[in-house]
Amino acid sequence: MPAVTCLSVAGPRWLSRPVTRAPVLPAPAAGPRSPAHLISYLLEPKNWLIVTVPLIGAHADGLAGVGWGLLAVLFAAVLPTLFISHGIRHGRWADRNVGARRPRLIVLAFITASVTVGLILLIVLGAPVMVTGYLAFMLTSVAVLAVITTVWKISIHCAVASGSVAILALTYGPLVLPGFLLVALLGWSRVSLKDHTTAQVVGGMVLGALAAGIAYAALAGRAG
């Protein structure tokens, strides 16, 4: 009887083993976590394009041009953003900035394909020259950025921001030039977050503004 009592208290051996619990991972932070994160988030390429392309369309063809610009935004900003978000959910890259070189090139390849499809569609549908031309130069810029990215992590954020302000200033006049203060603020945030060096940020700004100047010179001549 005592033996039975001892067995019932001790129970099977596996019940006495310590249970190893899986570590509890911290929940991901909801949204930006610092002023630099917030600035980088609000001034990301998608948001610049959502503003810039319809404004270029409006200058070319009024309200109808805005519609063409929004269609261009679908391929230049919305679909790439959805692709990046899909990659985050499936663990292919850590965040929307896509810092590692190989994933970065994958994203740039998708953007190139998306903008190409959008450009073909806009040309077939008869969109204004300023809109199709801007998209064509955007496509060229993405290709140049992809080549540079293979050897140097140039700031795409700053390239898009600088190019957007530059082409809007050339289109609408010098009142847009204070927008470069936002570009500088964005550059500070990218360096502060250690996503880029100062040289990579400045390189992106220069390349973006230069590409915008070339695009405007070519498109303004074609648009008459």
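Residues numbered from 1 in each chain as written. Predicted model: local features only at pLDDT ≥ 70, side-chain atom pairs only at ≥ 80, totals over all residues. Heavy atoms only, no water.

As for the overall build of the protein
Then comes step 1: Regarding its fold elements, the protein presents eight helices and zero strands.
Then comes step 2: Along the protein, helices and strands appear, N-terminal first, in the series α-α-α-α-α-α-α-α.
Then comes step 3: Look at the contacts in the protein between residues 6 or more apart in sequence, and 69% of them connect residues 24 or more apart.
Then comes step 4: As displayed, the protein has an accessible area near 12500 Å², and 72% of this comes from carbon and sulfur atoms. (Helix = DSSP H or I, 4+ residues; strand = E, 2+ residues; numbered from the N terminus. Contact = heavy atoms within 4.5 Å. Areas by Shrake-Rupley, 256 points an atom, 1.4 Å probe, with all protein chains shown as cover.)

Quick notes on the packing of helix α3 (residues 45–89) against helix α4 (residues 101–125)
Then comes step 1: Packing of α3 against α4 brings their axes to within 9 Å, and their N-to-C directions diverge by 160°. Classified by the angle their axes make, α3 and α4 are roughly antiparallel. The way α3 lies across α4 gives a crossing that is right-handed. For the pair formed by α3 and α4, the contact residues are Trp-68, Leu-71, Ala-72, Phe-75, Ala-76, Leu-79, Pro-80, Phe-83 and Ile-84 on the first element and Ile-106, Val-107, Phe-110, Ile-111, Ser-114, Val-115, Val-117, Gly-118, Leu-121, Leu-122 and Leu-125 on the second.
Then comes step 2: Residue classes in the contact of α3 with α4 are distributed as 18 nonpolar, two polar and no charged. (Axes fitted to C-alpha atoms, helices over the stretch in contact; angles between N-to-C directions. Parallel < 35°, antiparallel > 145°, perpendicular 65-115°, else oblique. Left-handed = near helix turned anticlockwise from the far one by under 90°. Nonpolar A, V, L, I, M, F, W, Y, C, P; charged D, E, K, R; others polar.)

Focus on the confidence of the model for the protein
Then comes step 1: When pLDDT is averaged across the protein, the result is 85; 84% of the residues are at 70 or more.
Then comes step 2: Taken element by element, the predicted model of the protein shows its lowest mean pLDDT in helix α1 (residues 2–10) (46) and its highest in helix α7 (residues 179–192) (97).
Then comes step 3: Every residue in residues 1–11 scores below 50 in pLDDT, and together they form zero contacts with partners more than four places removed in sequence or on other chains.
Then comes step 4: With pLDDT under 50 throughout, residues 19–30 is counted as low confidence; its partners more than four residues away or in other chains account for zero contacts. (pLDDT = per-residue confidence, 0-100.)

Observations regarding helix α2 (residues 35–42)
Then comes step 1: For α2, the complete set of buried residues consists of Ala-36, Ile-39 and Ser-40. Around the axis of α2, the buried residues are gathered within 95° of arc, so they sit on the same side.
Then comes step 2: Considering only its buried residues, α2 is in contact with α6 (156–172) and α7. (Buried < 20%, exposed > 50% of the residue type's maximum accessible area, 1.4 Å probe, protein only. Arc of directions from axis to C-beta.)

A few points about a nonpolar patch on the surface
Then comes step 1: Where nonpolar side chains cluster on the molecular surface, the patch consists of Ile-50, Val-51, Leu-55 and Tyr-172 and spans about 330 Å² of accessible area.
Then comes step 2: Considering every element that reaches the nonpolar patch, the biggest residue donor is α3, with three residues.
Then comes step 3: We classify Ile-50 as partly exposed; its relative accessible area is 36%. (Patch = residues over 30% accessible without salt bridge, like charges linked within 9 Å, V, L, I, M, F, W, Y side chains within 5 Å. Salt bridge = Lys/Arg side-chain N within 4 Å of Asp/Glu carboxyl O.)

So, the nonpolar core
Within soluble globular proteins, side chains that are nonpolar generally end up buried alongside one another.
Then comes step 1: Trp-48, Leu-49, Leu-135 and Met-138 are the most contacted members of the largest nonpolar core, which totals 47 residues.
Then comes step 2: Secondary structure elements with two or more residues in this core: α3, α4, α5 (129–149), α6, α7 and α8 (198–223).
Then comes step 3: At 11 residues, the largest contribution of residues to this core is made by α3.
Then comes step 4: Dropping the residues within four chain positions of it, Leu-49 is found in contact with Pro-54, Val-73, Ala-76, Ala-77, Tyr-134, Met-138 and Val-160. (Core = buried A, V, L, I, M, F, W, Y, C linked by side-chain atoms within 4.5 Å.)

Observations concerning the packing of aromatic side chains
Then comes step 1: Using the criterion set out here, one finds two aromatic pairs in the structure.
Then comes step 2: Ring plane angle 50° and centroid distance 5.7 Å describe the contact between Phe-83 and Trp-93, whose orientation is recorded as tilted. Note that Phe-83 is positioned in helix α3 and Trp-93 in the loop between α3 and α4, a separation of 10 residues in sequence. For the residue pair Phe-83 and Trp-93, the accessibility class agrees, reading buried in each case.
Then comes step 3: By the ring-pair criterion, three or more aromatic residues cluster together here, those being Phe-83, Trp-93 and Phe-110. (Phe/Tyr/Trp six-rings, centres within 6.5 Å; stacked < 30°, edge-to-face > 60°.)

With respect to the pattern of salt bridges
Then comes step 1: As enumerated under the stated definition, the model contains two salt bridges in all.
Then comes step 2: Among the ionic pairs, Lys-46 bridges to Glu-44, the shortest N-O distance being 3.5 Å.
Then comes step 3: Between Asp-195 and Arg-190 there is a salt bridge whose closest N-O contact spans 3.2 Å.
Then comes step 4: Taking the relative accessible area as the measure of exposure, Arg-190 reaches 1% and is therefore buried.

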